[in-house]
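In case you want the letters, here they are:
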Amino acid sequence: MAMWGEMQQLLREVTTELGCSPSVYSVLKEPRRVLIVQVPVRRAGGTTEHFTAYRSQHNNACGPYKGGIRFHPAVTVDEVKALSAAMTIKCRVVNIPFGGAKGGVVVDPGTLDDSELEQLARGYVDVLGTNLGPDKDIPAPDVFTNSRIMAWMFDEFSRRSGANHFSFITGKPAQIGGSRGREEATGHGVGVVALRAMRRQGLDPVGARVAVQGFGNVGANAAAMLAREGCRVVACSDAGGGLHDPAGLPVDDLLAWEAAHPGRTIGEARLGRPIRSADPLYVPADVVIPAALEEQITGDTAGAVQAPIIVEAANGPTTRAGHARLLADGRTVVPDVLANAGGVTVSYFEWVQDLNSYFWDLEDVRARLAVFMERSFDDVVAEAGGAADLRRAAYRLAVRRLADAMAARGWL
Ligand code: NAD
């Protein structure tokens, strides 16, 4: 089943379970608005190519829409719908005043030169026009987009509106209103909840074995954070391959190797035994962190996961069937809507800092992030009330908070 279909099914089940009025599901079952546009880019050869782009605005009952933009050839409208709904849930799980959105452009950014990439970034803002804005819909980075792209988008929005609107977009460079700690935030937050999950199960994080699939922004920062806390990072991988060492990989050396060899897979670094991209999910470990793409752990593969704790750093890395199998096998799954909410939480911090033109230091950002992540983890565990399914608990918590807000606004 497609990820969007699974999301709708879960929302239907949870609204029924909570005894919500049927209008709660009827609001949540589709985004409020889905924009499908064509963004023109003048290619180096002189021709103009149009790239299909999406913005899905799911629900804004509790604040402006908020969500990343990914540049990826496999982006689909159903994917952005599902991710926008997940963002609605995520913002309610961590209780920040945003609603859920998501954007995507169907493109392989590796095929564009710098000038074409800049045109695409600026064009996305231009074509979506007044649908975006600091009190309407606030974009952020996601797969294959970064602070440089956010800077172009911020500049384009500011040029169009004739004033600097730093709070328009998050994930910007520090010199133009970015927050300290935003780059590392999602991975750092993953680390915070992984530590909380280990301690809850009586596992000492010092020496605990952690395996990470995906060594990008989220995976690498989660690995670095957990290594600093004394965990043994036994496996890491990227799209091209990976490395395994039961004694623990030297994460700092791996990060340095990666920085020195752009475009190469970490599987080529001679710092561990080479493995395949998917292997970190299945090596002996205490915690597995899928931090790459969707649908990595399925009904067919979940039985091979050995770790007692799975922390979903990527969005939707486990299919419904995969999740059911993990729970049946007694594993704890910390769901994506909780585990990777550190990114949107520090995006919220960035927005707050921009609105106030007053910036916090890194220790302050990390400390505040830990408060939000730990409190949210505890809220979800309390909601579960001893039940194993933390995903359902997170959705119940979020839908109840959202339904209360929509009722207060007279939407139901
Ligand atoms: P990224 O582009 O920085 O990194 C992705 C990594 O995954 C890369 O190392 C890539 O090589 C690897 N990868 C891709 N396909 C793979 C495969 N089949 N097997 C193993 N590795 C593979 O992206 P990111 O920002 O780290 O995002 C990763 C995930 O986290 C995505 O699902 C994204 O939606 C989610 N997420 C990101 C943020 C954020 O702040 N960046 C926030 C919330 C959720």
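Residues numbered from 1 in each chain as written. Predicted model: local features only at pLDDT ≥ 70, side-chain atom pairs only at ≥ 80, totals over all residues. Heavy atoms only, no water.

What to know about the overall build of the protein
This is how the line gets drawn: Secondary structure is summarised from DSSP: a helix means a run of H or I of at least four residues, a strand means a run of E of at least two, and numbering begins at the N terminus for each. Radius of gyration here is computed from C-alpha atoms only, and the compact-globule reference equals 2.2 Å multiplied by the residue count raised to the power 0.38. Here, Shrake-Rupley sampling with a 1.4 Å probe gives the accessible areas, and only protein chains in the shown set may cover a residue.
Broken down by element type, the protein carries 13 helices and 12 strands. Rg of the C-alpha trace for the protein: 20 Å, near the compact-globule value of 22 Å for 412 residues, within the 12% margin. Principal-axis analysis of the C-alpha atoms places the extent of the protein at approximately 55 × 55 × 40 Å. Taken as a whole, the protein presents about 15,800 Å² of accessible surface, with 50% of it coming from carbon and sulfur.

Observations regarding the packing of aromatic side chains
Quick note on the threshold: The criterion for an aromatic pair is that two Phe, Tyr or Trp rings (for Trp, the six-membered ring) have centres within 6.5 Å, with stacked assigned to planes under 30 degrees apart, edge-to-face to planes over 60 apart and tilted to the rest. Any residue under 20% of the maximum accessible area for its type is buried, any over 50% is exposed, and the rest in between are partly exposed; the area is computed with a 1.4 Å probe on protein chains only.
Under the counting rule described, the total for this entry stands at 9 aromatic pairs. Ring geometry for Tyr-348 against Trp-351: centres 6.5 Å apart, planes inclined by 35 degrees, an arrangement best described as tilted. Here Tyr-348 pairs with Trp-351, and both are found in helix H11 (residues 342–356), just 3 residues apart, close to one helical turn. As far as burial versus exposure is concerned, Tyr-348 and Trp-351 are alike and both buried. Between Phe-349 and Trp-360, the aromatic rings sit 5.3 Å apart at their centres with planes inclined by 50 degrees, giving tilted as the arrangement. One end of the pair, Phe-349, is in helix H11; the other, Trp-360, is in the loop between H11 and helix H12 (362–384), with 11 residues separating them in the sequence.

Re the layout of surface pockets
We count it as follows: Here a cavity means grid points, on a 1 Å grid over the protein atoms only, where a 1.4 Å probe fits yet cannot get out; a pocket means an open set of points with protein on both sides within 12 Å along at least five of seven lines; lining residues are those with an atom within 4 Å of a point. Grid points are joined across faces, edges and corners, and a volume is the space filled by probe spheres set on the points. Residues are grouped as follows: Ala, Val, Leu, Ile, Met, Phe, Trp, Tyr, Cys and Pro are nonpolar; Asp, Glu, Lys and Arg are charged; all remaining types, including Gly, are polar.
By volume, the second largest pocket amounts to about 330 Å³. The wall of the second largest pocket is formed by 16 residues, among which Glu-6, Leu-10, Thr-318, Arg-320 and Arg-391 lie closest to the centre. Secondary-structure elements contributing two or more residues to the lining of the second largest pocket are helix H1 (3–17), helix H9 (320–328) and helix H13 (390–408). If one sorts the elements of the lining of the second largest pocket by residue count, H1 sits on top with 4 residues. Partitioned by chemical class, the residues of the lining of the second largest pocket number 5 nonpolar, 4 polar and 7 charged.

A word on the environment of Asn-315
Spelled out, the test is: Contacts: residue pairs with any heavy atoms within 4.5 Å of one another. Counted as a polar contact is a pair of N or O atoms within 3.5 Å, where, for protein atoms, one must be capable of donating a hydrogen and the other of accepting one, and residues adjacent in sequence contribute only when both atoms are in side chains.
By the element assignment, Asn-315 lies in the loop between strand E11 (309–311) and H9. A relative accessible area of 12% means that Asn-315 is categorised as buried. The spatial distance from the C-alpha of Asn-315 to the C-alpha of Leu-10 is 15 Å, given a sequence separation of 305 residues. For Asn-315, the contacting residues outside a window of four places in its chain are Arg-70, Leu-83, Lys-90, Lys-102, Asp-142, Leu-293, Glu-294, Asp-336 and Asn-340. Within the local environment of Asn-315, its side chain forms a polar contact with the side chain of Lys-90, the two groups lying 3.1 Å apart. Within the structure, the side chain of Asn-315 is placed 3.0 Å from the side chain of Asn-340, a separation counted as a polar contact.

Digging into the pattern of salt bridges
Cut-off, in case you're wondering: Whenever Lys or Arg places a side-chain nitrogen within 4 Å of a carboxyl oxygen from Asp or Glu, that contact is recorded as a salt bridge.
This model, assessed by the stated rule, comprises 34 salt bridges. For Arg-55, the salt bridge is made with Asp-137, and the minimal N-O distance between the two is 2.6 Å. Of the two residues, Arg-55 is situated in strand E2 (residues 48–59) and Asp-137 in strand E5 (residues 137–141); the sequence distance between them amounts to 82 residues. For Arg-55, a relative accessible area of 0% gives the class buried. Residue Asp-137 is classed as buried on the basis of its relative accessible area, which comes to 0%. Ionic contacts of the salt-bridge type, sharing partners, join the residues Glu-13, Glu-17, Arg-320, Glu-383, Asp-389, Arg-392, Arg-396 and Arg-400 into one network.

Let's talk about the sheet that holds strand E6 (residues 209–213)
Selection rule: Strand pairing is assigned whenever DSSP identifies at least 2 bridges connecting the two strands. Angles here are taken between N-to-C directions and fall from 0 to 180 degrees, while the axes themselves are lines fitted to C-alpha atoms, restricted in helices to the stretch in contact.
Spatially, the 7 strands line up as an open sheet ordered E9-E8-E7-E6-E10-E11-E12, and their pairing is mixed. Across the chains shown, the open sheet's two edge strands, defined by having one partner strand only, are strand E9 (273–275) and strand E12 (332–334). Direction aside, neighbouring strands of the sheet carry axes that sit 20 degrees apart on average.

Re the domain arrangement of the protein
Our working rule: Domain borders in the structure are assigned automatically or taken from a domain database. When two parts are put together, the accessible area they lose, computed with a 1.4 Å probe and summed over both, is reported as buried area.
Annotation of the protein at the domain level lists domain 1 (33–176) and domain 2 (185–339). Measuring from the centre of the C-alpha atoms in domain 1 to the corresponding centre in domain 2 gives 27 Å. Surface buried jointly by domain 1 and domain 2 totals about 640 Å² across both partners, of which 58% is contributed by carbon and sulfur atoms. Inspection of the domain 1/domain 2 interface yields 1 salt bridge. Residue Glu-294 is joined to Arg-70 by a salt bridge in which the shortest nitrogen-to-oxygen separation is 3.0 Å. The interface formed by domain 1 and domain 2 contains 2 residue pairs in polar contact (both at pLDDT 80 or more). Looking at the side of domain 1 that touches domain 2, the element that brings in the most residues is helix H3 (residues 77–93), giving 6 residues. For the side of domain 1 that touches domain 2, a count of residues per class yields 5 nonpolar, 1 polar and 5 charged.

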